[in-house]
Amino acid sequence: MPMCNKKLLDAIRDRKLIVRVDANPRVGWGHMMRCIAVAQAWQSCGGAVRFVCCETQDHVQRQIRGNEFQLAYNPARVSSKEDAAFFRENIQAFDADWILIDSYELGNDYIAQLAKSPAALIAAFDDGFETIVPNVDLIINGNVHARKERYGSMISLCGPRFLPLRLELIRKSPVPSVEPFVRAKVLVSVGGS
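Residues numbered from 1 in each chain as written. Predicted model: local features only at pLDDT ≥ 70, side-chain atom pairs only at ≥ 80, totals over all residues. Heavy atoms only, no water.

Draft legend 1. Structural detail: the overall build of the protein. The number of helices and strands found in the protein is six helices and seven strands. The order of helices and strands in the protein, counted from the N terminus, is α-β-α-β-α-β-α-β-α-β-β-β-α. Out of the 193 residues in the protein, the part that is buried amounts to 42%. For the protein, the share of sequence-separated contacts (at least 6 apart) that also reach a separation of at least 24 residues comes to 54%. (Helix = DSSP H or I, 4+ residues; strand = E, 2+ residues; numbered from the N terminus. Buried < 20%, exposed > 50% of the residue type's maximum accessible area, 1.4 Å probe, protein only. Contact = heavy atoms within 4.5 Å.)

Draft legend 2. Summary view of helix 4 (residues 81–94). Here helix 4 is 14 residues long and its end C-alpha atoms lie 20 Å apart, about the 20 Å a rise of 1.5 Å per residue gives. Along helix 4, the positions that sit buried rather than exposed are Asp83, Ala84, Phe87, Asn90, Ile91 and Phe94. Angular distribution of buried residues about the axis of helix 4 spans 125°; they occupy a single face of the element. In helix 4, the exposed positions that point more than 90 degrees away from the buried face belong to Lys81, Glu82, Glu89, Gln92 and Ala93. Buried residues in helix 4 make contact with strand 1 (16–21), strand 2 (48–54), strand 3 (70–74), strand 4 (98–102) and helix 5 (108–114). Within two residues after helix 4, Asp95 carries a phi angle of roughly 55°, on the positive side. (Expected span 1.5 Å × (residues − 1). Arc of directions from axis to C-beta.)

In short, shape yes, function no, at least from these values alone.
Below, the structure is given as structure tokens:
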């Protein structure tokens, strides 16, 4: 279990994580990829994962299934009453211990309804807006400028050390020997670009 230390193993083993995320031309892949990273870590610690998605393209669904996660797909419009009802049904049927939300399109009313789910704790990503989302138990903001004090008394994981990375990005592989070279400038671009 490459991503799991004893403390995480004890906390996650046999726990169920349900992930509410979409990837489509409006939203992009970044949200889905970081949720897959969290799900891979969760699964490597012995937990079970189910994704619930709306308006998500076929190749994205294949990516989820290719990682051996459960997928419940709903063709309803994102943030609709049908979407919310479908997600609540999945939370109950899956008997989720944790809910992970990664979406700009799901409003506070949607999340407030989820908070009524018995026993499930809610985590949400914040991409730097540093706003307090009511009814959430944990905020994750991996931005370099993220500061815990911006979230008041909420439990928050802030800063780059909390950026989720997929397994294929963190697996150790031998680095080929190359001649050293110097570059004057380097551009690293992620998300929204």
